[in-house]
Amino acid sequence: MQRAAPLAAAALCLLAVATAFALQAALGLEPCPLCILQRAALLALALGCLAAAAVAPRHPRLAAGAVIAPAVLGGAMALEHLRIALAGDGAAGCAAQPATSALADWLGATLGSVFLASGQCADVDRLLGVPYPGWALLVLVAVPVLVCPLLARD
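Conventions used here
- Residues numbered from 1 in each chain as written.
- Predicted model: local features only at pLDDT ≥ 70, side-chain atom pairs only at ≥ 80, totals over all residues.
- Heavy atoms only, no water.
- Helix = DSSP H or I, 4+ residues; strand = E, 2+ residues; numbered from the N terminus.
- Contact = heavy atoms within 4.5 Å.
- Areas by Shrake-Rupley, 256 points an atom, 1.4 Å probe, with all protein chains shown as cover.
- Buried < 20%, exposed > 50% of the residue type's maximum accessible area, 1.4 Å probe, protein only.
- Core = buried A, V, L, I, M, F, W, Y, C linked by side-chain atoms within 4.5 Å.
- Patch = residues over 30% accessible without salt bridge, like charges linked within 9 Å, V, L, I, M, F, W, Y side chains within 5 Å.
- Salt bridge = Lys/Arg side-chain N within 4 Å of Asp/Glu carboxyl O.
- Axes fitted to C-alpha atoms, helices over the stretch in contact; angles between N-to-C directions.
- Parallel < 35°, antiparallel > 145°, perpendicular 65-115°, else oblique.
- Left-handed = near helix turned anticlockwise from the far one by under 90°.
- Nonpolar A, V, L, I, M, F, W, Y, C, P; charged D, E, K, R; others polar.
- Expected span 1.5 Å × (residues − 1).
- Disulfide = S-S within 2.5 Å.

(A) Quick peek at the overall build of the protein chain. Counting its secondary structure elements, the protein chain contains 6 helices and 2 strands. Mapped from its N terminus to its C terminus, the protein chain presents α and β elements in the order α-α-α-α-α-β-β-α. Partitioning the intrachain contacts of the protein chain with sequence separation of at least 6 by distance along the chain shows that 81% fall at a separation of at least 24. Working note: accessible area of the protein chain is about 7,800 Å², and carbon and sulfur atoms make up 70% of it.

Okay, structure coming up:
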């Protein structure tokens, strides 16, 4: 279980990002800077899970840290995105965070148009009634909650 759980969690993170890309393409959605950073956090969490699978038997604390760190950062972004969307802050929500926008712009320039932030943070669509940042938050919280206790098992 020490290796299987983080590998399954990595697959879940990749599935979440692939779903975001597919919905973006199919529905013509324009991701905002926070959307892009949540995707990056999910990818970082997937990498953290792979690293955890590699080191878990010998270094369970290091493995847990590799899972927890990107989950906390991504979770904070998802919460902020939900706050902006639910408060209706509009473009001011994105514009009030120049570091976030700058990082998202760098990702778009570096990794290509798939990571290009062109939408507004307050324009949040829903899937099955849940805002997209809510789905990201669910994955970002569930992965460490479910995986970390298994990393310490013998």
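(B) The arrangement of the side chain of Q24 in detail. Tracing the backbone through its elements, the reader meets Q24 in helix α1 (residues 4–27). Exposure remark for Q24: the relative accessible area of 16% places this residue in the buried category.

(C) Looking closely at the nonpolar core. With 31 residues, the main nonpolar core has L45, C49, V67, V143, V147 and L151 as its most contacted residues. Broken down by secondary-structure element, the contributors of at least two residues to this core are α1, α2 (33–55), α3 (60–87) and α6 (132–151). Among residues more than four places away in sequence, those in contact with C49 are P6, A9, A10, V67 and V143.

(D) Local environment of a nonpolar patch on the surface. Residues L7, L47 and L50 make up a contiguous nonpolar surface patch of about 290 Å² in total accessible area. Its relative accessible area of 58% is what places L47 among the exposed residues.

(E) Spatial organisation of unusual backbone geometry. Of note in the backbone geometry, L128 takes a positive phi value of approximately 55° without being a glycine. If you trace the backbone, L128 turns up in the loop between β1 (126–127) and β2 (130–131).

(F) Layout of the packing of α3 against α6. Contact geometry of α3 with α6 gives a least axis separation of 8 Å together with a crossing angle of 160°. By the criterion of interaxial angle, the relationship of α3 to α6 is roughly antiparallel. Our pair here, α3 against α6, has a crossing hand that is left-handed. Classifying every residue of the contact of α3 with α6 gives 18 nonpolar, 4 polar and no charged.

(G) Representation of α6. An ideal rise of 1.5 Å per residue puts 28 Å on 20 residues; α6 measures up with 29 Å between its terminal C-alpha atoms. Along α6, the residues classified as buried are P133, G134, A136, L137, V139, L140, V143, P144, V147, C148, L150 and L151. Considering only its buried residues, α6 is in contact with α1, α2, α3 and β2.

(H) Representation of the state of the cysteines in the model. Tallied over the entire structure, the rule returns 0 disulfides. Of all cysteine sulfurs in the structure, the one in C35 sits closest to C32, which takes part in no disulfide; the separation is 3.4 Å. Given the relative accessible area of 0%, C32 is considered buried.

The values are spatial; any link to function lies outside them.
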